[in-house]
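# Tertiary structure, described
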Amino acid sequence: MSRSGNTFDAIVIGAGHNGLVAAARLARAGRRVLVLEARDAPGGASATSEIVPGYAAPAVAHLVDAFPKRIERALKLAKHGLRYAARDIPTVALDPDGGHVLLPRNRREFSRFAKRLPRDAEAYRDYAADLHTQAALIAPLLGDIPPDLREPEVLRKFCRRLVWRGEISGGSTLQKLMRRLPESIGDRLDAEFESPLLKGALAFDATLGGGEGPYAPGTSFRAVWREALRMQGQGLRQIAGGPGALIRALIAIVSAGGGELRLNAAVERIFIENGVAAGVELLDGTLLRAPLVLSAINPRVTLLELAGAQCVETHQALELSRAPRPGTTAKLNLALERAPLFTGLAAELHGARLLIAPSLQEVDEAAAACNEGRLTSAPVLELHMPSVADPALAPEGHQILSVIVHSAPHEVEGGWPMRREGFVQKVVRRIASFAPGIEEAMIAGEILTPPDIELKYGLAGGDWHQGDLRLDRLLAFRPAPGFSRYETPLAGLYLCGAGNHPGGGVTGLPGWIAAGAAIDKMEAGR
Ligand SMILES: Cc1cc2nc3c(=O)[nH]c(=O)nc-3n(C[C@H](O)[C@H](O)[C@H](O)COP(=O)(O)OP(=O)(O)OC[C@H]3O[C@@H](n4cnc5c(N)ncnc54)[C@H](O)[C@@H]3O)c2cc1C
């Protein structure tokens, strides 16, 4: 292929982790890739940001649990600098009275758990086993291209495989999975457990990143989906140097393969020649050519705004334009001059993932308030102190506290400029009710509401999944029926961001699978 300064083998739109994983896969397959990023820094929601000089925080996403070993190995990410500061990080449900509950990862922890919650111990063992068996049934579907439901033979094969897998994992597994599909996690937890603290933590996990409350139909299956996604990964981990270090490693792979990353390069249009994608036009009018374009940004924006609705059928345009719910998670990053003292929390758990979701009711109330555009008086939170395992993130003895606020509305009554300060105070007061005195240790902080996350880090709508992860937006229906195989009706254009199967999270999967599909297609066409 002839190449000039503005001609490439492939162009990737968006330097979030998925765009970069796709670019790295293409680069390692010998393609000359150009990655275009609208912002002045790469990473999207997977970035490390300096709160104030000397204090580096995970800007938006803070932990990884579903980034597959096979991607890490195939890209040789360790050789390009990826390290983990902590692995197999425990999750602790914080109790207002200090009787915290560590969600058990092994037998020893299970005996402690059983002493703390004797009436729920057996039910929890059954719950965890049930979740695992059902997740194992669908896990193989998450790391691959979903079936195309328009092809009856493919659909038949898919169903046969599912039934077969269900049978070998015990006759009733598939049946139980079907029961989970419409069920709410709230109903399930109410039926199976007594402890409000345990129910709160499990409801938090099943609903984090989606807009629904715990009593919404389908949220029980969300817990299964999340577990299946985790099975792709290697346990809950913290990247040394923050998520930005993953981004640097991916860029190094792209560069080593002769590829390039351009910042401040917002794509305004995908241009079409002879009915196929032929390149992109930037906001400043620059034309860049490539026979292959992969978009890691929102699928709706890609197809309807950048490529133009003429490249899809009317019914497809309608499906894509059905407005997805905007993001419902906010982020607070705090620089602290000393470690906060969580009442009753053992020192060895300071680096754990800490949940403030003391009851199912509070998770439900936070979601209800969020849906009505209100701020709940008792925010539900996920806390992590990355500087415990990675002291280089802050000056000696100082700490970073990274806080995900679940159920924060995209649009709030009175508007965010009016509500921002009160929101921060509510979140800090809530943390202080578990870690008294934390306010006095605060040096600086950064709050990111869902609109801030979109504006500052480019995550469409500030949404964890770049588009709802509801039941009707999974597998062959993600991002919309007819688009689930990453390839689009416009030849040469592929989708590769979190809006596609299997959804959001720092998994690299949409980017990896989409690039594989594009490479296979190119090789088949030779
Ligand atoms: C508050 C919050 C906390 C989270 N925490 C976690 C966590 O702890 N663990 C986890 O696994 N997941 C977490 N997530 C989810 C995770 O961050 C996202 O699902 C993931 O980062 C999406 O990656 P992506 O590469 O698909 O998209 P993005 O990260 O959104 O990247 C898209 C990129 O495209 C760029 N772009 C957009 N438009 C254009 C254009 N026209 N031209 C060029 N470039 C463009 C953007 O600037 C951006 O850099 C969290 C999400 C939120 C909102």
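As the structure is a prediction and not an experimental result, all values here were calculated from the model.

Reading guide: rules and limits
- Residues numbered from 1 in each chain as written.
- Predicted model: local features only at pLDDT ≥ 70, side-chain atom pairs only at ≥ 80, totals over all residues.
- Heavy atoms only, no water.
- Helix = DSSP H or I, 4+ residues; strand = E, 2+ residues; numbered from the N terminus.
- Near = heavy atom within 4 Å.
- Polar contact = N/O pair within 3.5 Å; in protein donor to acceptor, adjacent residues only side chain to side chain.
- Areas by Shrake-Rupley, 256 points an atom, 1.4 Å probe, with all protein chains shown as cover.
- Nonpolar A, V, L, I, M, F, W, Y, C, P; charged D, E, K, R; others polar.
- Pairing = 2+ DSSP bridges.
- Axes fitted to C-alpha atoms, helices over the stretch in contact; angles between N-to-C directions.
- Core = buried A, V, L, I, M, F, W, Y, C linked by side-chain atoms within 4.5 Å.
- Buried < 20%, exposed > 50% of the residue type's maximum accessible area, 1.4 Å probe, protein only.
- Domains from an automatic or database assignment.
- Contact = heavy atoms within 4.5 Å.
- Buried area = accessible area lost by both parts, 1.4 Å probe.
- Salt bridge = Lys/Arg side-chain N within 4 Å of Asp/Glu carboxyl O.

## Describing the environment of Ala346
- The residue Ala346 is located in the loop between strand 14 (329-336) and strand 15 (353-356) in this model.
- Once the C-alpha coordinates of Ala346 and Gln361 are considered, the two residues, 15 residues apart in sequence, prove to be 27 Å apart.

## Some thoughts on the site of the ligand
- Around the ligand, the structure places 36 residues, and the nearest of them are Glu37, Leu63, Trp464, Gly505 and Val506.
- The separation between an oxygen atom of the ligand and a polar main-chain atom of Gly44 is 3.4 Å.
- Separating an oxygen atom of the ligand from a side-chain N or O atom of Gln466 is a distance of 3.3 Å.
- In the complex, the protein chains occlude 94% of the 1000 Å² of accessible area that the ligand would expose alone.
- When contributions to the shell around the ligand are tallied by element, the ones reaching two or more residues are helix 1 (17-28), strand 14 and helix 17 (450-457).
- Class assignment for the residues of the shell around the ligand results in 19 nonpolar, 15 polar and two charged.

## Considering the sheet that holds strand 12 (residues 287-289)
- Strand order across the open sheet formed by three strands is 10-11-12, with antiparallel pairing between neighbours. In this open sheet, the two strands that pair with only one neighbour each are strand 10 (267-273) and strand 12. On average, each strand axis in the sheet is tilted by 30° relative to the strand beside it, whichever way the strands run.

## Quick look at the nonpolar core
- Counting 93 residues, the largest nonpolar core has Leu26, Leu77, Tyr127 and Leu294 as its most contacted members.
- The biggest single contributor to this core is helix 4 (residues 121-142), with 11 residues.
- The two domains that each donate at least three residues to this core are domain 1 (10-45 + 243-324 + 465-524) and domain 2 (105-230).
- Leu77 has contacts with Phe67, Glu72, Leu82, Leu246, Ala249, Leu250 and Ile253, leaving out every residue within four places of it along the chain.
- Judged by nonpolar contacts, the second largest core, of 34 residues, contains Leu332, Val424, Ile438 and Ala441.

## Side note on the domain arrangement of the protein chain
- Annotation of the protein chain at the domain level lists domain 1 (10-45 + 243-324 + 465-524) and domain 2 (105-230).
- Facing the 19 residues of domain 1 at the interface are 18 residues of domain 2.
- Around 1600 Å² of area is buried between domain 1 and domain 2 when both sides are counted, 71% of it from carbon and sulfur atoms.
- Summed over the three residues of domain 1 that lose the most area to domain 2, namely Leu471, Leu475 and Arg485, the buried surface amounts to 31% of that side.
- Across the domain 1-domain 2 interface, the total number found is zero salt bridges.
- Along the contact surface separating domain 1 from domain 2 lie four residue pairs in polar contact (both at pLDDT 80 or more).
- Of the residues assigned to the side of domain 1 that touches domain 2, the class counts are 11 nonpolar, six polar and two charged.

## Brief notes about the packing of helix 4 against helix 7 (residues 185-192)
- Two elements in contact, helix 4 and helix 7, have axes whose closest approach is 10 Å; the angle formed by their N-to-C orientations is 145°. Counted together, Ala123, Tyr127 and Asp130 of helix 4 and Ile185, Arg188, Leu189 and Glu192 of helix 7 form the full contact between these two elements.
- Grouping the amino acids of the contact of helix 4 with helix 7 by side-chain chemistry returns four nonpolar, no polar and three charged.

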